[in-house]
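For reference, the chains in residue letters:
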Amino acid sequence: AGMQTQQYLVLHRGKVNEGYDTLARCIDDVLAWADPDFGCNMVAVTKDFQGSPHIDASDVTYQYAVSIGDFAVGGELCVEGEHADEVWV
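In this text, all values refer to a predicted model and were calculated from it rather than measured experimentally. (Residues numbered from 1 in each chain as written. Predicted model: local features only at pLDDT ≥ 70, side-chain atom pairs only at ≥ 80, totals over all residues. Heavy atoms only, no water.)

Pairing between side chains becomes possible if they bear opposite charge and their charged atoms approach one another. Summed over the entire model, instances satisfying the criterion amount to one salt bridge. For the salt bridge of Asp28 with Arg13, the shortest nitrogen-to-oxygen distance reads 2.8 Å. Of this pair, Asp28 sits in helix α1 (residues 21-34) while Arg13 sits in the loop between β2 (7-12) and α1, placing them 15 residues apart in sequence. Residue class for Arg13 comes out partly exposed when judged on its relative accessible area of 24%. (Salt bridge = Lys/Arg side-chain N within 4 Å of Asp/Glu carboxyl O. Helix = DSSP H or I, 4+ residues; strand = E, 2+ residues; numbered from the N terminus. Buried < 20%, exposed > 50% of the residue type's maximum accessible area, 1.4 Å probe, protein only.)

A few words now on the state of the cysteines. Tallied over the full model, the rule gives zero disulfides. Free of any disulfide, Cys40 has its nearest neighbouring cysteine sulfur in Cys26, separated by 15 Å. Overall, Cys40 belongs to the partly exposed group, its relative accessible area being 23%. (Disulfide = S-S within 2.5 Å.)

Another point: the nonpolar core. Counting six residues, the largest nonpolar core is built from Leu11, Ala24, Ile27, Leu31, Phe38 and Val43. By residue number, the principal contributor to this core is α1, which donates three residues. The residues contacting Phe38, other than those within four sequence positions of it, are Arg13, Leu31, Thr61, Tyr62 and Tyr64. (Core = buried A, V, L, I, M, F, W, Y, C linked by side-chain atoms within 4.5 Å. Contact = heavy atoms within 4.5 Å.)

With that out of the way, let us pick up the packing of aromatic side chains. We describe a pair of aromatic rings using the distance from one ring centre to the other and the angle between the two ring planes. In the structure shown here, the tally under the stated rule is one aromatic pair. Ring centres of Phe38 and Tyr64 lie 4.9 Å apart, and the angle between their planes is 80°; this geometry places the pair in the edge-to-face category. Linking Phe38 in the loop between α1 and β3 (42-47) with Tyr64 in the loop between β4 (50-51) and β5 (79-80), this pair joins segments that are 26 residues apart in sequence. You can call Phe38 buried: its relative accessible area is 13%. (Phe/Tyr/Trp six-rings, centres within 6.5 Å; stacked < 30°, edge-to-face > 60°.)

Next up, the structure:
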């Protein structure tokens, strides 16, 4: 259980993210394009993330996940439903 990642960065939306201003603006642009009314106050940016099935206890609504890169292998997001046969990749 748990997660593995080479790098993990949390950006706070609406606040100064020293050294990551350009990245934060890009994220804001993507979120404004995808869902202008989506309200979130933090965004996690990871590299080579691998997670196990879990439910984040502090999340109160749905999440957006974006995978960006030049993938020969990997890069997929697997989402599991409430039943064992509900899996989307």
